[in-house]
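Residue-level structural notes
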Amino acid sequence: MLLYLLLISLLSFCSGFQEEDFLDGQLTLVVEDALDGGPSPIFTPRSTIHIRSVKSGNAVVTHMRQWTHDLEEKLKVLAENDDLYRVRIYHKGAEEKGYVSTFTKACQLYESSLTEIFNLMVDTAGTSVVGAGLIPAVAVCQGEPPEVPAAQHNTTVMIRSPILAPVPDTATYIEKLEAMKNEKAEGKDNRSFLAKYWMYIVPVVLIMMLSGGGQEGGR
Ligand SMILES: *[C@@H]1O[C@H](CO)[C@@H](O)[C@H](O)[C@H]1NC(C)=O
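These figures come from a predicted structure and were not determined experimentally.

**Structural notes on the nonpolar core**
Grouped together as the largest cluster of nonpolar side chains are 28 residues, with contacts concentrated most on I49, I51, L75, Y85, F118 and L120. Those elements that place two or more of their residues in this core are β1 (27-34), β2 (44-53), α2 (69-80), β4 (84-91), α3 (106-111), β6 (115-122), β7 (129-136) and β8 (154-160).

**Some remarks on the packing of aromatic side chains**
According to the stated counting rule, one finds two aromatic pairs in the structure shown. Between Y90 and Y99, the ring centres sit 5.6 Å apart and the planes meet at 85°, which makes this aromatic pair edge-to-face. Residue Y90 is classed as buried on the basis of its relative accessible area of 10%. The exposure class of Y99 is partly exposed, given its relative accessible area of 40%.

**Focus: α2**
Given 3.6 residues per turn, any residue in an α-helix points the same way as the ones three and four places further on. The terminal C-alpha atoms of α2 lie 16 Å apart, and with twelve residues this matches the ideal 16 Å at 1.5 Å per residue to within 8%. Within α2 the residues assigned to the buried category are L71, E72, L75, L78 and A79. Buried residues in α2, looked at end-on, bunch into an arc of 120°, giving them a common side. Facing away from the buried surface of α2 by more than 90 degrees, the exposed residues are H69, D70 and E80. Packed against the buried residues of α2 are β1, β4 and α3. Looking at the residues trailing α2, positive phi occurs at D82, about 55°.

**Looking at the site of the ligand**
The full set of residues close to the ligand is T115, N154 and T156. Note that an oxygen atom of the ligand is positioned 3.4 Å from one of the side-chain N or O atoms of T115. Contact between the ligand and N154: an oxygen atom at 2.4 Å from a side-chain N or O atom of the residue. A total of 360 Å² of accessible area belongs to the ligand in isolation, and the protein chains cover 29% of it.

Definitions and cut-offs
Residues numbered from 1 in each chain as written. Predicted model: local features only at pLDDT ≥ 70, side-chain atom pairs only at ≥ 80, totals over all residues. Heavy atoms only, no water. Core = buried A, V, L, I, M, F, W, Y, C linked by side-chain atoms within 4.5 Å. Buried < 20%, exposed > 50% of the residue type's maximum accessible area, 1.4 Å probe, protein only. Helix = DSSP H or I, 4+ residues; strand = E, 2+ residues; numbered from the N terminus. Phe/Tyr/Trp six-rings, centres within 6.5 Å; stacked < 30°, edge-to-face > 60°. Expected span 1.5 Å × (residues − 1). Arc of directions from axis to C-beta. Contact = heavy atoms within 4.5 Å. Near = heavy atom within 4 Å. Polar contact = N/O pair within 3.5 Å; in protein donor to acceptor, adjacent residues only side chain to side chain. Areas by Shrake-Rupley, 256 points an atom, 1.4 Å probe, with all protein chains shown as cover.

Read these as layout, nothing more, since geometry by itself doesn't imply function.
What follows is the structure, given as structure tokens:
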């Protein structure tokens, strides 16, 4: 019994381990942004996002540049022109794979003092980012400068994986339904044993009586 339990726990440990391995292809992303606006924005490196675990959503953000007064001014101009703050992301060491892009209204980021959420969608294997969203803390611009001037991007990373989405457990559900149906049926049919099965019992008794009678008669 103990051995059996040990085996079970070992097995579950192994499978858990495998799943973790499978999902935890470590990813390093480079985030570039464009603060100049205009029709052909120039992107410059901004931050790196190191995803340590897709499963637990563990990610470390490192900002590659100082947030200077100059940059703040650029963002302010973008905000005043009601322009967009554009971001693109690529996998470090795999630039040829192309970019994943997103944008937000510059005024939102400006008025949020650079507090933002990066929503990253990874593929089923957890090995590459296939989509991104940028959500600043301020959703509706008020047209006023932030109360606290930003010192640096304040980035929260949220990772979404299609694997992590809960799968409806239909098999168990159907089993439950069946069980409930059975229970109901049993609950309704609370007649006595005799009342339920008389049609089987009566012929058996009759046959027994008849055959018994026949034997007696034969003696
Ligand atoms: C950074 O963002 C968090 C929420 O995402 C917020 O609670 C915190 O006040 C922000 N820090 C700064 C310095 O803006």
